Amino acid sequence: MLRHDATKIALYFLSVAVLGALLTPVLFQFGKGLAEWPAFARAEEGLFAYLHRVLSTSGFPRYFNRAVLLAAVLLFFPFARWIGLRGLSLGFRKNPFGWGHLLLGFGLAAGILLAGGWGFLRWGAYEMRPEPEWWNEGQEALTAAIGVSLLEEFFFRGLLVALVLRSFSMRGTWVFVTVLFAVVHFLQPQEGFALRDEEVGWDAGFRLLASILENFVEVNFLLAELLTLLAVGAVLGAVRWREGSIWGAIGLHAGWVFGLKLYSGVSRGGQGLAEGEFMPWLGENLRVGLFPCFLVVLTGGLFLWLTRPKAGRKLGQSA
């Protein structure tokens, strides 16, 4: 029987959504103002130039995603006290192959995703952008991959798994965290949702939340994107349970983010994709569609097969 912790976990994530909606307009106005700061606006290369491009070109939905993540961090420690956590153990085991698993995961995830992207180019779903900036796009993709994978894997497959295990079995925890991971990443408004800078008021985050909820009644969109996100969460969870650590999950997550960001930076959807011709097989990027979902499952299966423990020795034991 589930303990009372399960209800508190649900209330925690509801509070994260509300606080995220309230914080988004504040972050949006701060980010746009910071982008006009001379040190950022005049930079032509380097970190400041990258930050200026991100802050100035990011739309309201991207600020919402970051606000939700910030809200999750801000509310976690008060929530931990409320639920009575003291000295929470993440339950990690020593993995003597940690770096190897991380690099293998990154190579497999990025390689298979980009190979699939090349095939989609040949299929005509996507086309290369004129004079793509491979070096700049690669740098930005790698920066995003490192930051996102470290932060999210520590949170989802580390803190959250340890927390949910207090109320669920191991299998139940795997399912719960997989679904939650997918839903959190599914939080994006319907296509066409846009707000001009002057329309961003205190309630803008809640208007965006309402648009997000409408996505859950779009069957094609659910199949095209939510299924892929569920596959990603399931694979990362399976890898975490297998090796007892998050090395492999970080590598896979980073590889997928790197491949997605790089491909989106150097390519764009073709006419058929814009008209929905390839739905639900392919969408606006390599995160959307049944084909990307298949690539994720293929990558996860291959990783688990390549890292299977040798007979007589479990992963986590000293070599």
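Keep in mind that this is a model prediction, so the values were computed, not measured. (Residues numbered from 1 in each chain as written. Predicted model: local features only at pLDDT ≥ 70, side-chain atom pairs only at ≥ 80, totals over all residues. Heavy atoms only, no water.)

Engineer: Quick one: what's the story with the overall build of the chain, residue by residue and with numbers?
Structural biologist: A tally of helices and strands in the chain yields 12 helices and two strands. In sequence order, the chain lays out its α and β elements as α-α-α-α-α-β-α-α-α-α-α-β-α-α. Expressed as a percentage of the 319 residues in the chain, the buried residues total 45%. Accessible area of the chain: about 16800 Å², with a carbon and sulfur share of 65%. (Helix = DSSP H or I, 4+ residues; strand = E, 2+ residues; numbered from the N terminus. Buried < 20%, exposed > 50% of the residue type's maximum accessible area, 1.4 Å probe, protein only. Areas by Shrake-Rupley, 256 points an atom, 1.4 Å probe, with all protein chains shown as cover.)

Engineer: So what about the environment of Ser 56? Which residues, and what values?
Structural biologist: Note on placement: Ser 56 falls in helix H3 (residues 47-57). Each residue touching Ser 56, except ones within four places of it in the same chain, is listed here: Lys 32 and Ala 35. (Contact = heavy atoms within 4.5 Å.)

Engineer: Just give me the short version of the packing of aromatic side chains, but keep the residues and values in it.
Structural biologist: For the structure on display, the rule yields 12 aromatic pairs. Centre to centre, the rings of Phe 106 and Phe 258 are 5.5 Å apart; their planes meet at 45°, and the pair counts as tilted. Here Phe 106, found in helix H5 (residues 98-123), pairs with Phe 258, found in helix H10 (residues 247-266); they are 152 residues apart in sequence, far enough to count as distant. What makes Phe 258 buried here is its relative accessible area of 15%. Over the ring of Phe 181 we find Arg 157; its NZ or CZ atom is 4.6 Å from the centre of that ring. Positioned above the aromatic ring of Trp 305 is the side chain of Arg 308, whose terminal nitrogen or guanidinium carbon lies 4.4 Å from the ring centre. (Phe/Tyr/Trp six-rings, centres within 6.5 Å; stacked < 30°, edge-to-face > 60°. Lys NZ or Arg CZ within 6 Å of the ring centre and 35° of its normal.)

Engineer: Tell me what's going on with the pattern of salt bridges, and back it up with residues and numbers.
Structural biologist: Any two side chains of opposite charge can pair, so long as their charged atoms come close to each other. Tallying each qualifying case throughout the model produces three salt bridges. Ionic pairing is found between Arg 157 and Glu 153, a salt bridge with its closest N-O pair at 2.7 Å. Of the two residues, Arg 157 and Glu 153 are both situated in helix H6 (residues 134-164); the distance of four residues between them amounts to about one turn of the helix. As far as the burial class goes, Arg 157 and Glu 153 line up, both buried. With a closest N to O distance of 3.5 Å, Arg 207 and Asp 203 form a salt bridge. Taking the relative accessible area as the measure of exposure, Arg 207 reaches 34% and is therefore partly exposed. (Salt bridge = Lys/Arg side-chain N within 4 Å of Asp/Glu carboxyl O.)

Engineer: Residue-level account of the confidence of the model for the chain, with values.
Structural biologist: Of all residues in the chain, 78% attain a pLDDT of 70 or more, and the chain-wide mean is 80. Confidence drops under a pLDDT of 50 for residues 312-319, and excluding neighbours within four residues, the segment shows 15 contacts in the predicted structure. (pLDDT = per-residue confidence, 0-100.)

Engineer: Kindly report on the side chain of Asn 95, identifying the contributing residues and their values.
Structural biologist: Residue position: Asn 95 is located in the loop between helix H4 (60-83) and H5. Residue Asn 95 is classed as buried on the basis of its relative accessible area, which comes to 9%. There is a polar contact of 3.5 Å between the side chain of Asn 95 and the side chain of Ser 245. (Polar contact = N/O pair within 3.5 Å; in protein donor to acceptor, adjacent residues only side chain to side chain.)

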